[in-house]
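Tertiary structure, described
The chain contents come next:
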Amino acid sequence: AGQLGVNRSTVVLAFSELRSIGLIESRSGSGTRVSLADSEETPKHTPNWSQYADDSSMVRNPPFLRKISEALQQNPELIDMASGQLSGDLAPTQEIAEIMSQNRPMSYLGYDNPQGYPPLREALVRYLNRHRGIDTTESSLLITSGSQQSLYLIIRCLLSPGDAVAIEDPSYCFSLPMFQTAGLRVFRLPLDQHGVQPEDIRQLYKKHRIKMVFLNPNYQNPTGTLLSEERRRKVLDIASELALPIIEDDPYSLTAYDGEPPAPLKALDTTGSVIYIGSFSKIAASGLRIGWMAAPRAIVERLADARQQMDFGLSVIPQQVVATFLDSPQFVPHLERLRRELQFKRDMVTAALRREFQGRAEFLEPRGGIHLWCKIGADYNENRLLEQSIRNGFVFGPGSVYGSEPGCLRLTFGRANAGDIDRGIAALREAAEKLDLF
Ligand code: PMP
């Protein structure tokens, strides 16, 4: 202080002031320290969580889907023709309960094999051969958390930002944000009542060098269309000519109610062009989260390695249950009952649409699956129609969610009880009338 020409008593005074407002502390024997960290004045902050959420690089699911699921949570009595799942009475709950109560000692409850529980893969080799005409081996199968994870792994691990792909127009709504998040350039293949036009694939390849084609050829989500046999062969010819991979997403084919569905692309594929994705969700129980892919071995090994970074594999318990169910004598009778019930519901929806809409709703009559695609003529305001329908006790899937042109909607009859379908379609017609749609 003396050297700086400051009076000693000024310094003492300054220290005592700093001490009084808590900015320094003095302890005998250890001098004086700045004590900012301990000061009561130090401001405290919560991380800006919503900023983190908003900045996420994952593209959000369409807002309509959130609106629908909130409406269903608030009012479980709503007649649900929006959700893509089976009603509880269509699931093999009794059969699954029996398998689970059989008290089979499980020898192993550690981490699963990265490709999936081996006995389930063995059961799936038999299932795919018997029911879908597909010849594969355990080493070419990857079990995933629903078919959703198979799609995710293919999109994120086999493609790079900027790559071009072709998808159906309209398409499965939860696949669209995955393509966007992955930074892919997405080109559309318009559908008619027989599926995509194979030549469109060639055109997209010529123009944009597409690297993959995603198809849902059996009772497509959301249109219910079936790719014709002739077009299947043409799609495969074009794929092999261009060495172009086809991803065949096939959760619905075993729900065929008018006879057997045509053979999957994978069963007709002689050049190894197709990766086949299947699921237990639409033939039995979506909550068990069992899906699979049949793919060339190099791809299965690569994706099994990638999925270890994601979740270290699926729980072995549902895999054991499904392995037992697929080989059980109850499986085929369950499928037959499911097909009959879905056909009955399909008939109820189509009859109700004819009765209520009197020709003002155009629709394709599905021959399998759980989705019916309907054009209600006008370029309607989806938000207003959805809100009015919810007020009337009914939810449906607005067409834009599937990337479609305006004026369409998806009516899904897997979940609604048969007894509620008439009331639901009447509620939709009342909502459309209230908004003067016709
Ligand atoms: N693909 C399609 C065409 C679907 O409709 C669905 C479910 N709605 C899925 C994949 C995903 O189903 P999951 O993961 O339950 O097998």
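Residues numbered from 1 in each chain as written. Predicted model: local features only at pLDDT ≥ 70, side-chain atom pairs only at ≥ 80, totals over all residues.

The name given to the chain in an unreviewed UniProt entry is GntR family transcriptional regulator, with the source organism recorded as Paenibacillus herberti. The chain has a UniProt comment under Sequence similarities (unreviewed entry) that states "In the C-terminal section; belongs to the class-I pyridoxal-phosphate-dependent aminotransferase family." Under Cofactor (unreviewed entry), UniProt gives the following word-for-word description of the chain: "pyridoxal 5'-phosphate". (UniProt positions renumbered as here; feature names shortened; annotations may be inferred.)

As for the packing of helix 14 (residues 382-391) against helix 15 (residues 418-434)
Taken N-terminus to C-terminus, the directions of helix 14 and helix 15 make an angle of 130°; their axes are 9 Å apart at the nearest point. In this view, helix 14 runs oblique relative to helix 15, as classed from their interaxial angle. As helix 14 runs across helix 15, the sense of the crossing is right-handed. Contacts between helix 14 and helix 15 involve Leu385, Gln388 and Ser389 from the first element and Ala427, Leu428, Ala431, Ala432 and Lys434 from the second. A per-class count over the contact of helix 14 with helix 15 returns 5 nonpolar, 2 polar and 1 charged. (Axes fitted to C-alpha atoms, helices over the stretch in contact; angles between N-to-C directions. Helix = DSSP H or I, 4+ residues; strand = E, 2+ residues; numbered from the N terminus. Parallel < 35°, antiparallel > 145°, perpendicular 65-115°, else oblique. Left-handed = near helix turned anticlockwise from the far one by under 90°. Contact = placed C-beta atoms within 7 Å. Nonpolar A, V, L, I, M, F, W, Y, C, P; charged D, E, K, R; others polar.)

Considerations on the pairing of strand 6 (residues 185-192)
Sheet analysis places strand 5 (residues 164-169) next to strand 6, joined by 6 bridges and oriented parallel. Within strand 6, the position partnered with Ile167 by the bridge is Arg188. Between strand 5 and its parallel partner strand 6, the chain crosses via helix 7 (residues 176-181), and the hand of that crossover is right-handed. Connecting the antiparallel pair strand 6 and strand 7 (residues 195-196) is a turn made up of 2 residues. (Pairing = 2+ DSSP bridges. Right-handed = clockwise from strand over helix to strand, strands pointing away.)

Some remarks on the nonpolar core
For soluble globular proteins, the rule of thumb is that nonpolar side chains tend to be buried together. Among the nonpolar cores identified, the biggest contains 103 residues, and Met81, Val213 and Cys374 are the most heavily contacted of them. Look past the residues within four positions of Cys374 in its chain and what remains in contact with it is Leu353, Ala361, Phe363, Cys408, Leu409 and Leu411. (Core = buried A, V, L, I, M, F, W, Y, C linked by C-beta atoms within 7 Å. Buried ≥ 20, exposed ≤ 12 C-beta atoms within 10 Å, placed from the backbone.)

Here's the deal with the environment of Ile283
The topology assignment puts Ile283 in the loop between strand 10 (274-279) and strand 11 (290-294). Overall, the presence of 23 C-beta atoms within 10 Å leaves Ile283 in the buried class. Ile283 has contacts with Leu254, Thr255, Leu335 and Leu338, leaving out every residue within four places of it along the chain.

As for the sheet that holds strand 14 (residues 394-398)
The 5 strands lie next to each other as 3-14-15-13-12, forming an open sheet whose pairing is mixed. Edge positions in the sheet fall to strand 3 (79-81) and strand 12 (362-363), since each of these pairs with one other strand and no more. The sheet contact formed by strand 3 and strand 14 spans 3 bridges and is parallel. Paired with Ile79 across the bridge in strand 14 is Phe394.

Some thoughts on the sheet that holds strand 9 (residues 246-249)
Taken in spatial order, the 8 strands line up as 4-11-10-9-8-5-6-7 in an open sheet, and their pairing is mixed. Since the sheet does not close on itself, it has two edges, and those belong to strand 4 (141-145) and strand 7, each with one partner. In this sheet, strand 11 lies alongside strand 10 in antiparallel orientation, the contact comprising 4 bridges. Paired with Gly278 across the bridge in strand 11 is Trp292.

Focus: the site of the ligand
Surveying the vicinity of the ligand reveals 13 residues, the closest of which are Gly146, Ser147, Gln148, Ser279 and Ser281. Ranked by residue count, the leading element in the shell around the ligand is helix 6 (residues 146-157), at 3 residues. Residue composition of the shell around the ligand, by class: 2 nonpolar, 10 polar and 1 charged. (Near = placed C-beta within 6 Å.)

Considerations on unusual backbone geometry
Here Asp169 and Pro170 are connected by a cis peptide whose omega angle stands at 0°. Within the secondary structure, Pro170 is located in the loop between strand 5 and helix 7. In this structure, Pro222 follows Asn221 across a cis peptide bond, with omega equal to 15°. Among the secondary structure elements, Pro222 is positioned in the loop between strand 8 (212-215) and helix 9 (229-242).

With respect to the pairing of strand 14
Side chains on a regular strand alternate between the two faces of the sheet. In terms of burial, strand 14 is a largely internal element, 5 of the 5 residues being buried. As judged from the 2 bridges shared by strand 14 and strand 15 (residues 408-412), these two strands associate in the antiparallel manner. From the neighbouring strand, Gly397 faces strand 15, where its bridge partner is Arg410.

Describing helix 5 (residues 118-132)
The end-to-end C-alpha distance of helix 5, which contains 15 residues, comes to 20 Å, matching closely the 21 Å that a straight helix rising 1.5 Å per residue would cover. Buried within helix 5 are the following residues: Leu120, Arg121, Ala123, Leu124, Tyr127, Leu128 and Arg132. Buried positions in helix 5, seen along its axis, are confined to an arc of 155° and lie on one side of it. For helix 5, exposure combined with an orientation more than 90 degrees from the buried face picks out Arg126 and Arg130. If you follow the buried residues of helix 5, they end up packed against strand 4, helix 10 (265-268), strand 11 and helix 12 (316-327). Looking one or two residues past helix 5, Gly133 carries a phi angle of roughly 65°, positive in sign. (Expected span 1.5 Å × (residues − 1). Arc of directions from axis to C-beta.)

Notes on the environment of Cys157
Looking at the element boundaries, Cys157 is found in helix 6. Judged by local crowding, Cys157 falls into the partly exposed class, with 17 C-beta atoms found within 10 Å. When the C-alpha positions of Cys157 and Arg66 are compared, they lie 27 Å apart, and in sequence the two are 91 residues distant. Non-local contacts of Cys157, meaning those with residues more than four positions away in its chain, are made with Arg302, Leu303 and Ala306.

Thoughts on the environment of Gly259
One can find Gly259 in the loop between strand 9 and helix 10. Under the C-beta neighbour-count criterion, Gly259 is labelled exposed, with 8 such atoms within 10 Å. Separated by 40 residues in the primary sequence, Gly259 and Tyr219 place their C-alpha atoms 13 Å from one another.

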